[in-house]
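Spelled out from the first residue to the last, the chains are:
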Amino acid sequence: MRQIALNIMIAMLWVLFQDEDAFKFPTFAVGYMIGLIIIYLLHKFFDQEFYPKKIWVSFKFLMTYLYQLITSTFSIINYVLFKTHKMDPGLVSYETKLDTDWEITFLTILIIITPGSTIIRVNRNPNVFLIHAIDITAKEKKQLLRSIKKYEELIVEVTK
């Protein structure tokens, strides 16, 4: 947060030093880029990662979630319209490497709001989720566990 505030302050100072009659966005953008360079050179003194990396990871996380949401929504539509007699609902367990309450809660919410699966129980001693899925054939189970693993990796990357 300090890096973002410092970068905006550098950009505003750049705008002020240009001695223009009005605020111009291109001047602000140039100042922001100069601020990025300065903060990149000095980010080790902040005891934090360079902040655009967090923004990139958050964007990647959002895109991954939206992709999973859209594909699972179409999968559920396909089951409801065409395969209602071929569904094989059941329970799947998944052991997570996440350890903080915030990370486990976030993963739980992501699983719940993705269509076709929901959390039945979370054991805290070994962090094991009991998940109800609409279809647990080998292919669908593998795909569900792979998407949960992807969520888990992204949560770890965001919270580092």
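Since the structure is predicted, the reported quantities are computational estimates derived from the model, not experimental observations.

## Observations regarding the packing of helix H3 (residues 51-82) against helix H5 (residues 138-159)
Here comes step 1: Packing of H3 against H5 brings their axes to within 10 Å, and their N-to-C directions diverge by 160°. The angle between the axes of H3 and H5 places the two elements in the roughly antiparallel class. The way H3 lies across H5 gives a crossing that is left-handed. Between H3 and H5, the contacting residues are Lys54, Val57, Lys60, Phe61, Thr64, Tyr65, Gln68, Ser75 and Tyr79 on the first element and Glu140, Ser147, Lys150, Tyr151, Leu154, Ile155, Glu157, Val158 and Thr159 on the second.
Here comes step 2: Here the residues of the contact of H3 with H5 are counted per class, giving 8 nonpolar, 5 polar and 5 charged.

## Things to note about the packing of helix H4 (residues 101-113) against H5
Here comes step 1: Interaxial distance between H4 and H5 falls to 10 Å at its minimum, and their mutual angle equals 140°. As summarised for this structure, H4 and H5 are arranged oblique, according to the angle between their axes. Every pair of crossing elements has a handedness; the one defined by H4 and H5 is right-handed. Between H4, through Trp102, Glu103, Phe106, Leu107, Leu110 and Ile111, and H5, the contact on the second element is made entirely by Ile148, Tyr151, Glu152, Ile155 and Thr159.
Here comes step 2: Of the residues assigned to the contact of H4 with H5, the class counts are 8 nonpolar, 1 polar and 2 charged.

## Quick notes on the UniProt feature "transmembrane region" (unreviewed entry) in the protein
Here comes step 1: Following the UniProt record, the feature "transmembrane region" (unreviewed entry) maps to residues 22-42, 62-82 and 102-122 here.
Here comes step 2: Measuring from the first to the last C-alpha atom of residues 62-82 gives 30 Å, for a span that is 100% helix and 0% strand.
Here comes step 3: End-to-end, the C-alpha atoms of residues 102-122 are 13 Å apart, and along that stretch the chain is 57% helix and 29% strand.

## Comments concerning the domain arrangement of the protein
Here comes step 1: Taken domain by domain, the protein consists of domain 1 (1-45) and domain 2 (51-159).
Here comes step 2: Computed over C-alpha atoms only, the centres of domain 1 and domain 2 are separated by 40 Å.

## Some words on the sheet that holds strand S3 (residues 128-133)
Here comes step 1: Spatial strand order, S1-S3-S2: 3 strands in an open sheet with antiparallel pairing. Taken across any chain shown, the strands that pair with only one partner, and hence form the sheet edges, are strand S1 (90-95) and strand S2 (117-123). On average, each strand axis in the sheet is tilted by 25° relative to the strand beside it, whichever way the strands run.
Here comes step 2: Across 6 bridges, S2 lies against S3 in antiparallel orientation. By the bridge assignment for S3, arginine 121 is matched with leucine 130.
Here comes step 3: Its contacts with the sheet place H4 against S2 and S3, and it is angled at close to 155° to S2.
Here comes step 4: In this fold H5 packs onto S1, S2 and S3, with an angle of close to 35° to the strand it touches most, S1.

Definitions and cut-offs
Residues numbered from 1 in each chain as written. Predicted model: local features only at pLDDT ≥ 70, side-chain atom pairs only at ≥ 80, totals over all residues. Heavy atoms only, no water. Axes fitted to C-alpha atoms, helices over the stretch in contact; angles between N-to-C directions. Helix = DSSP H or I, 4+ residues; strand = E, 2+ residues; numbered from the N terminus. Parallel < 35°, antiparallel > 145°, perpendicular 65-115°, else oblique. Left-handed = near helix turned anticlockwise from the far one by under 90°. Contact = heavy atoms within 4.5 Å. Nonpolar A, V, L, I, M, F, W, Y, C, P; charged D, E, K, R; others polar. UniProt positions renumbered as here; feature names shortened; annotations may be inferred. Domains from an automatic or database assignment. Pairing = 2+ DSSP bridges.

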